[in-house]
Amino acid sequence: MAAEEELSRAAGGCVLVVLGGAAAGALFAIDEAVGVLAVVGAGWFALWRSARRMSDSSATPPPGGAAPLDGEEAGHSVGDGTTLVRREGMLIYLTPDPDNPVRTHVHVEHTADETHA
């Protein structure tokens, strides 16, 4: 295992669901009306937070594009409409489908500088 292993968002979500279920169970054990009010309140809070996040997503993005990462280059055309994109450890060929203009064939070729940890 890597020393700097990232925690999984799914695992965090599962922990929150279990803790929320335990809290709801405790509130229902105290009184059914208290449990119902808590569940309805949590639902309203989740709806309010979701609505606020959606309104923030329409904000104007900052000027300028993101700089390419190390080992990443912009794509360039290789004959017959194929675009070649270089990423760290791989070459990605994007070829448009002549029969279906909304479809693109993707071919990934691993290069020798790829290392496996």
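Bear in mind the structure is a predicted one, so any value in this text is a computation, not a measurement.

Undergrad: Explain the overall build of the protein to me, please; I cannot follow it from the model alone.
TA: The secondary structure content of the protein amounts to 2 helices and 4 strands. Secondary structure elements of the protein occur, N-terminal to C-terminal, as α-α-β-β-β-β. For the protein, the share of sequence-separated contacts (at least 6 apart) that also reach a separation of at least 24 residues comes to 3%. Summing over all exposed atoms, the protein offers an accessible surface of approximately 10,100 Å²; the carbon and sulfur share of this is 62%.

Undergrad: What am I meant to see in a nonpolar patch on the surface here?
TA: Together, Phe 28, Val 36, Val 39, Val 40, Trp 44 and Leu 47 make up an exposed nonpolar region whose accessible area comes to about 580 Å². A per-element tally of the nonpolar patch places helix H2 (residues 32-56) first, with 5 residues. Mapped onto the elements, Val 36 comes out in helix H2.

Undergrad: Would you take a moment to explain the packing of aromatic side chains for this structure?
TA: For any pair of aromatic rings, the description consists of the separation of the ring centres together with the inter-plane angle of the planes. Tallied over the entire structure, the rule returns 1 aromatic pair. Between Phe 45 and Trp 48 the ring centres are 5.9 Å apart and the planes differ by 35°, which places this aromatic pair in the tilted class. Of this pair, Phe 45 and Trp 48 both sit in helix H2, 3 residues apart, which is roughly one turn of that helix. Judged by relative accessible area, Phe 45 falls into the partly exposed class, the value being 49%.

Undergrad: How do you make sense of the side chain of Thr 82 when you look at a structure like this?
TA: Checked against the element boundaries, Thr 82 lands in strand S2 (residues 82-87). Side chain to side chain, Thr 82 and Thr 95 meet in a polar contact 3.1 Å long.

Undergrad: Explanation requested: the confidence of the model for the protein in the structure shown.
TA: The predicted structure's coordinates, where accompanied by low pLDDT, should not be read in detail. Considering every residue of the protein, the mean pLDDT works out to 76; 67% of them sit at 70 or more. Ranking the elements of the protein by mean pLDDT puts strand S1 (residues 76-78) last, at 59, and helix H1 (residues 9-30) first, at 90.

Procedures and definitions
- Residues numbered from 1 in each chain as written.
- Predicted model: local features only at pLDDT ≥ 70, side-chain atom pairs only at ≥ 80, totals over all residues.
- Heavy atoms only, no water.
- Helix = DSSP H or I, 4+ residues; strand = E, 2+ residues; numbered from the N terminus.
- Contact = heavy atoms within 4.5 Å.
- Areas by Shrake-Rupley, 256 points an atom, 1.4 Å probe, with all protein chains shown as cover.
- Patch = residues over 30% accessible without salt bridge, like charges linked within 9 Å, V, L, I, M, F, W, Y side chains within 5 Å.
- Salt bridge = Lys/Arg side-chain N within 4 Å of Asp/Glu carboxyl O.
- Phe/Tyr/Trp six-rings, centres within 6.5 Å; stacked < 30°, edge-to-face > 60°.
- Buried < 20%, exposed > 50% of the residue type's maximum accessible area, 1.4 Å probe, protein only.
- Polar contact = N/O pair within 3.5 Å; in protein donor to acceptor, adjacent residues only side chain to side chain.
- pLDDT = per-residue confidence, 0-100.

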